[in-house]
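Report on the structure
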Number of protein chains: 2
Amino acid sequence: MRVALDALGTDTAPGPEVAGALSALEHNEKLEVVLVGDERRIRSEIARHDPGELASRLHFVDAPYRIEPAEAPASAVRKHRDSSIVRGVRLQKEGDVDAFVSAGSTGAVMAASLILLRPLAGVDRPAIGTLLPTSKGATLMLDAGANVDCKPRHLYQFALLGQIYAQDLMGIAEPRVGLLNIGEEPEKGDERTVESFALLSREPRIGFIGNVEGRDIIGGECDVLVCDGFVGNVLLKFYESVAEFIVGLLQRETARSGTQLDVSGAFRVLDYAEYGGAPLLGVNGITIISHGSSTPRAIQNALGVAVRAVDSRMVEHMARELSRRSEEPLAG
Amino acid sequence: MRVALDALGTDTAPGPEVAGALSALEHNEKLEVVLVGDERRIRSEIARHDPGELASRLHFVDAPYRIEPAEAPASAVRKHRDSSIVRGVRLQKEGDVDAFVSAGSTGAVMAASLILLRPLAGVDRPAIGTLLPTSKGATLMLDAGANVDCKPRHLYQFALLGQIYAQDLMGIAEPRVGLLNIGEEPEKGDERTVESFALLSREPRIGFIGNVEGRDIIGGECDVLVCDGFVGNVLLKFYESVAEFIVGLLQRETARSGTQLDVSGAFRVLDYAEYGGAPLLGVNGITIISHGSSTPRAIQNALGVAVRAVDSRMVEHMARELSRRSEEPLAG
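Given the structure is predicted, the values throughout are model-derived calculations rather than measurements.

Section: the overall build of chain A
Counting secondary structure elements, chain A contains ten helices and eleven strands. A compact globule built from 332 residues would reach a C-alpha radius of gyration of about 20 Å, and chain A, at 20 Å, matches this within 12%. Seen through its C-alpha atoms, chain A measures out along the principal axes to roughly 60 × 60 × 35 Å. Long-range pairs, those at least 24 residues apart, make up 74% of the contacts in chain A with a sequence separation of at least 6. Summed over its atoms, the accessible surface of chain A is roughly 13200 Å², and 47% of this surface lies on carbon and sulfur atoms. Side chains of chain A carry 35 positive and 46 negative charges; the gap between the two charge centres is 3 Å.

Next up, the structure:
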């Protein structure tokens, strides 16, 4: 299995990418990684690590242009064919690799994936899935920011995509799919959510458990949490910042009180590096998006997500389910 | 000054209400509290406290019906004129008290306030303001759940109401008003937010600082955070539950490690009892809504919020500003 990795993705690339790739290779003998970026800099970074025989499973594609997060995604993707993002996605389109991982501009990675890989039949708008740490493990929330102004049928599609991700990558045979809302009853919420509730309730093949409130997320009440990309993105960024804030508070408090308490254990649950990669769900391929501030472990884990998506044939599974469902008329 | 307090509000009423009222009376010699509820039970609860001379500033209105949170708010308010909520709001309407505080059904408190007190001229939909603890103190977020499917002109009104609350009750001469969004640039976000941004940018009398992302809330980037009631409610409930979850994690961790670290200090910032009451902003009167699980201190603080709103003549201030602004045409 070959996975392309954007080596111009993180804010300090290619350091975290090279270190993360080497760790991933060490843990998976069947994996080969194609580093896409500034080949000269990548090679000099690798030389610092003394990779030994791992080097035989590292490949290079020279694509020295980095699309900056400030660039308008769609036009940047059209203009910069020699960018690491466009080259990486194209490798997958042409069958040279099985998946692509990038910590670069989220907008550009999405745009390149939509343009080159195309959405699966039956998907209007691919969504970003992200794992939110909970008291019971993690909940896949989607959409985490790819789409705003979603319609009920989009939320329905997110539910379907999320359910398959949870089955194939989280190992949950019958995922509990919840709809983010401000009350439990079917009639609660804004118009979109009320209609989405009705749509999901009528679909026996989705394990829909009903509305899930903001207060129920952290307790792991559902495995898949469906929402519009606006509220999903607000929630995700808020969660990350609260976790960071609280860790800071605690560190000051432990320092002030002079105790030696190691709070890192308590916050493993809040550590995004454990999860590492957010899949773009609903495209005809495997695209994993990581934070610009990813550590080597986050990159390693993002590569792990890509490997599991390939191994489980997630995309085929999604295409199969979508074609079954698209035979039925859908309102919304 | 007289404030009516719903003595059938909290889940364990009237215990927290009586204890909270007595503490408030002790701290403010000019305050009188009218306890509205089951008079017999209130009196026997008071007897347990030995209130001494504080008793002379306690008054009673017997209104033994409790509107349950599960009841449909508007019809419950119309049907139960002898409920503590309807009687409490009516006392204010008739000029017998200056404000009303309740930890009962939020929907019923809102409905009674809208029906009896009426919205201020220029306000389409009153909003619930709530204080989110931040690293710098607190940010007033509105709307926290009174309205979903808001239009840009509603968000504009929320900004105006929030700005005045921040001036009058938070003591901030020039509040920084932010719009919750998923990016910093004016063109980011859903349709509603893009239009709201334009509306707020054109109003020189609002201290609009632009878009604020989910990650920027906790750092206290703005004093007033404007959003639709759907995302506001999700965010508020999520924040409360995360704070609770993390405190639990830490308590387990300190117990496991055998250290004696007192984490309560670090979490004062996350303690909602410090704030206690969420105002319903935009009605012609002062209605303060508290949690059903309020402690005596939360009730005391909610009474304190009511006192400050009365003292600062917040409602007159809002009415004055709204009449100035309503002379100008407003799109949205």
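Having seen the structure, we can now continue with the description.
Brief notes about the sheet that holds strand 7 (residues 177-180) of chain A
Residues and elements named next belong to chain A. The mixed open sheet is built from eleven strands, whose spatial order is 3-2-1-4-11-10-5-6-9-7-8. Edge strands, defined here as strands with exactly one partner in the open sheet, are strand 3 (58-62) and strand 8 (208-212). Each strand axis lies, on average, 30° off the axis of its neighbour in the sheet, ignoring direction. As paired strands, strand 1 (residues 2-6) and strand 4 (residues 99-102) are joined by three bridges and run parallel to one another. Opposite valine 3, over in strand 4, you have alanine 99 as the bridge partner.

A look at the environment of B:Ala21
Residue and element names in this part refer to chain B. Here alanine 21 is to be found in helix 1 (residues 15-27). In this structure, the C-alpha to C-alpha distance between alanine 21 and threonine 193, residues 172 residues apart in sequence, is 41 Å. With sequence-adjacent residues up to four places away left out, alanine 21 is seen in contact with Leu5, Val33, Leu35, Leu58, Ile299 and Leu303.

Regarding the pattern of salt bridges
With the rule as written, the count across this model stands at 28 salt bridges over all chains. In this structure, A:Glu68 and A:Arg66 form a salt bridge, with 2.8 Å as the shortest nitrogen-oxygen distance. With a relative accessible area of 36%, A:Glu68 lands in the partly exposed category. Residue A:Arg66 is classed as partly exposed on the basis of its relative accessible area of 21%. Across the pair B:Arg313 and B:Glu316 runs a salt bridge whose closest N-O atoms are separated by 3.0 Å. Overall, B:Arg313 belongs to the exposed group, its relative accessible area being 53%. Several salt bridges converge on common partners, so that one network encompasses A:Asp190, A:Arg192 and A:Asp228.

A short note on unusual backbone geometry
The peptide bond linking A:Leu142 to A:Asp143 adopts the cis configuration, its omega dihedral lying at 10°. The step from B:Ala13 to B:Pro14 runs through a cis peptide bond, and the omega angle for that step is 5°. Its location among the elements puts B:Pro14 in the loop between strand 1 (2-6) and helix 1. Look at B:Asp149: it is not a glycine, yet its phi comes out positive at around 55°. Here B:Asp149 is to be found in the loop between strand 7 (137-142) and helix 6 (152-169). B:Asp149 gets classed as partly exposed once you look at its relative accessible area, which sits at 27%. Although it is not a glycine, B:Arg313 adopts a positive phi angle of roughly 55°. With respect to the helices and strands, the residue B:Arg313 is situated in the loop between helix 9 (296-311) and helix 10 (314-325).

Notes on the state of the cysteines
By definition, a disulfide is the covalent link that joins the sulfur atoms of two cysteine residues. Scanning the entire structure with this criterion turns up zero disulfides over all chains. With no disulfide partner, A:Cys222 has as its closest neighbouring cysteine sulfur the one in A:Cys227, 9.8 Å distant. For A:Cys222, a relative accessible area of 3% puts it in the buried group. Among the cysteines around B:Cys227, which has no disulfide bond, B:Cys150 carries the closest sulfur, lying 8.4 Å off. In this structure B:Cys227 comes out as buried when scored by relative accessible area, which is 3%.

Some words on the sheet that holds strand 3 (residues 58-62) of chain B
Residues and elements named next belong to chain B. Reading across the sheet, the seven strands line up as 3-2-1-4-12-11-5 and stay open at both edges, with mixed pairing between neighbours. The open sheet has two edge strands with one neighbour each: strand 3 and strand 5 (127-128). The strands touched by helix 2 (residues 39-47) are strand 2 (32-37) and strand 3; relative to strand 3, the strand with the most contacts, the crossing angle is about 155°. Its contacts with the sheet place helix 4 (residues 84-93) against strand 1, strand 2, strand 3, strand 4 (99-102) and strand 12 (287-289), and it is angled at close to 160° to strand 4.

Quick word on the packing of helix 6 (residues 152-169) of chain A against helix 7 (residues 191-201) of chain A
Residue and element names in this part refer to chain A. Running from N to C, helix 6 and helix 7 cross one another at 50°; their axes reach a closest spacing of 8 Å. Comparing the axis directions of helix 6 and helix 7 gives the class oblique. Relative to helix 7, the crossing made by helix 6 is right-handed. Contacts from Pro152, Arg153, Leu155, Tyr156 and Ala159 of helix 6 reach helix 7 at Arg192, Glu195, Ser196, Leu199 and Leu200. Residues belonging to the contact of helix 6 with helix 7 are distributed by class as follows: six nonpolar, one polar and three charged.

Here we look at the packing of helix 1 (residues 15-27) of chain A against helix 9 (residues 296-311) of chain A
All names here are of chain A. Between helix 1 and helix 9, whose axes approach to 7 Å, the crossing angle comes to 50°. With respect to helix 9, the axis of helix 1 lies oblique. As for the relative orientation of helix 1 and helix 9, their crossing is right-handed in sense. Between helix 1 and helix 9, the residues in contact are Pro16, Glu17, Ala19, Gly20, Ala21, Ser23, Ala24 and His27 and Pro296, Ile299, Gln300 and Leu303, respectively. Broken down by class, the residue content of the contact of helix 1 with helix 9 amounts to seven nonpolar, four polar and one charged.

Procedures and definitions
- Residues numbered from 1 in each chain as written.
- Chains lettered and ligands numbered in written order.
- Predicted model: local features only at pLDDT ≥ 70, side-chain atom pairs only at ≥ 80, totals over all residues.
- Heavy atoms only, no water.
- Helix = DSSP H or I, 4+ residues; strand = E, 2+ residues; numbered from the N terminus.
- Rg over C-alpha atoms; globule rule 2.2 N^0.38 Å.
- Contact = heavy atoms within 4.5 Å.
- Areas by Shrake-Rupley, 256 points an atom, 1.4 Å probe, with all protein chains shown as cover.
- Lys, Arg positive; Asp, Glu negative; His and termini not counted.
- Charge placed at Lys NZ, Arg CZ, Asp CG, Glu CD.
- Pairing = 2+ DSSP bridges.
- Axes fitted to C-alpha atoms, helices over the stretch in contact; angles between N-to-C directions.
- Salt bridge = Lys/Arg side-chain N within 4 Å of Asp/Glu carboxyl O.
- Buried < 20%, exposed > 50% of the residue type's maximum accessible area, 1.4 Å probe, protein only.
- Disulfide = S-S within 2.5 Å.
- Parallel < 35°, antiparallel > 145°, perpendicular 65-115°, else oblique.
- Left-handed = near helix turned anticlockwise from the far one by under 90°.
- Nonpolar A, V, L, I, M, F, W, Y, C, P; charged D, E, K, R; others polar.

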